[in-house]
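This is what each chain is made of:
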Amino acid sequence: MRLLTPLKTLSRLLTPTAKIIDGKKISADIQNGIKEEINGWVAAGHKRPALRAILVGDDPASCTYVNKKMIASREVGIDSDTVRLPSTISQEDLVKKIEELNNDNNIDGILIQLPVPDHINEREICNAVHVDKDVDGFHVTNIGKLVANQDTFIPATSLAVIELIRIIGIDTFGKRAVVCGRSKNVGLPIFQMLHADYRNELPGLEATAIMCHRNTKPEDLVMYCQSADIIITATGVPGLIKPHMVKEGACIIDVGLTRITTPEGKSKLVGDADYEGCLARAGYITPAPGGVGPVTVAMLMKNTFKACKNFDRQRSNQK
Ligand SMILES: NC(=O)c1ccc[n+]([C@@H]2O[C@H](COP(=O)([O-])OP(=O)(O)OC[C@H]3O[C@@H](n4cnc5c(N)ncnc54)[C@H](O)[C@@H]3O)[C@@H](O)[C@H]2O)c1
């Protein structure tokens, strides 16, 4: 028995452990860079970037997300504010409010915090945002540009995943990638960027990508994941990615965030991957929370500053 403890310690030391991708640190670095750029931009006499979020209703999670985005945006020097509207607002009045912001030359970026109440047509609302102010990349034209490999606003969460892969230096060229989840706002843009040609106006990552979804057979999901160099999971299904599904040394980016109640009765946010189990198999892994989420906020700022610079260029061209 006495020998077991040192042996256990030794085996733990010998077990390969994934490098943990620290989203908070990466996000802080990106935000510092954006802050510096905005300071320089404003000091050079340009207009300060301005962002408006529209929050319909008072869903606590949505309120928290919007507040976080607005506070962080203000910290980097973006003029940011939330337009709060009652959950009873009609589709027509909501569109009118969006059009007001569309026509306000001081505003560069508009985001509608989703989900909106059931009586509101979400697609129509996303399409009501001026295409050049659509910093969330949800307008159908911007989705089309993404698919056509043209420069556009990539949805912040998907852009965060792509930035993380680039910053960590994960090789994607000709590598096998599996994306779990096909939503238009998260999984699809990630899949699109992963498999696209790097020679495009919007340079892709040149991976061989496979997309899995709720109707992918569980045995197929296991098979695809086992052969993948990169697994990106965005399903909201806790425990979907298990250690035996992970090729040794693979990179796992976990976008999923689900609130669960632990056996001890505590409320906890978890990702899609069995984090503790996958640590021993993967080469890189994002914690969830603390991985993709913080970088998502930084990408919203990046998109807002990009919109501001685009408008500045348009104004200069008109002179
Ligand atoms: N970290 C962040 O910044 C951030 C941002 C947005 C969303 N999220 C989280 O990412 C997750 C996905 O968000 P979403 O908006 O795309 O959700 P969604 O409900 O729109 O999409 C979920 C997707 O998962 C797929 N899916 C469900 N079960 C599956 C299974 N067994 N195998 C493979 N695929 C399966 C579905 O087909 C669907 O395409 C959620 O947990 C959400 O909370 C995180």
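Refer to the preceding data block for the structure.
Residues numbered from 1 in each chain as written. Predicted model: local features only at pLDDT ≥ 70, side-chain atom pairs only at ≥ 80, totals over all residues. Heavy atoms only, no water.

Structural notes on the sheet that holds strand β2 (residues 50–56)
Reasoning step 1: Pairing in this open sheet of three strands is parallel, and the strands run β3-β2-β4 from one edge to the other. Pairing within the sheet leaves two strands with one partner each, and these edge strands are β3 (79–85) and β4 (109–112). Between one strand and the next, the sheet's axes are offset by a mean angle of 20°, whatever the strand orientation.
Reasoning step 2: Strands in contact with helix α4 (residues 91–102) are β2, β3 and β4; relative to β2, the strand with the most contacts, it is inclined by about 175°. (Pairing = 2+ DSSP bridges. Helix = DSSP H or I, 4+ residues; strand = E, 2+ residues; numbered from the N terminus. Axes fitted to C-alpha atoms, helices over the stretch in contact; angles between N-to-C directions. Contact = heavy atoms within 4.5 Å.)

Description of the state of the cysteines
Reasoning step 1: In this structure the tally under the stated criterion is zero disulfides.
Reasoning step 2: Free cysteine C63: the closest other cysteine sulfur is in C126, separated by 18 Å.
Reasoning step 3: Judged by its relative accessible area of 18%, C63 falls in the buried class.
Reasoning step 4: Free cysteine C251: the closest other cysteine sulfur is in C278, separated by 12 Å. (Disulfide = S-S within 2.5 Å. Buried < 20%, exposed > 50% of the residue type's maximum accessible area, 1.4 Å probe, protein only.)

Things to note about the pattern of salt bridges
Reasoning step 1: Scanning the model with the defined rule gives 11 salt bridges in all.
Reasoning step 2: K309 serves as the salt-bridge partner of E37, at 3.8 Å between the closest nitrogen and oxygen. With E37 in helix α2 (residues 23–43) and K309 in helix α11 (residues 292–318), this residue pair connects regions lying 272 residues apart in the sequence.
Reasoning step 3: Among the salt bridges present, the one from E100 reaches K97, with a minimum N-O distance of 2.8 Å. Of this pair, E100 and K97 both sit in helix α4, three residues apart, roughly one helical turn.
Reasoning step 4: The class for K97 is partly exposed, based on a relative accessible area of 22%. (Salt bridge = Lys/Arg side-chain N within 4 Å of Asp/Glu carboxyl O.)

Details of the packing of aromatic side chains
Reasoning step 1: Evaluation of the coordinates by the stated rule reveals two aromatic pairs.
Reasoning step 2: Centroid distance W41 to F305: 5.7 Å. Interplanar angle 85°. Geometry classified as edge-to-face. Here W41, found in helix α2, pairs with F305, found in helix α11; they are 264 residues apart in sequence, far enough to count as distant. Each member of the pair, W41 as well as F305, carries the same accessibility label: buried.
Reasoning step 3: Note that K306 overlies the ring of F153, its terminal NZ or CZ placed 5.7 Å from the centroid.
Reasoning step 4: When the ring centre of F305 is taken as origin, the NZ or CZ atom of K309, which lies over that ring, is 4.2 Å away. (Phe/Tyr/Trp six-rings, centres within 6.5 Å; stacked < 30°, edge-to-face > 60°. Lys NZ or Arg CZ within 6 Å of the ring centre and 35° of its normal.)

Distances and angles like these do not, on their own, reveal function.
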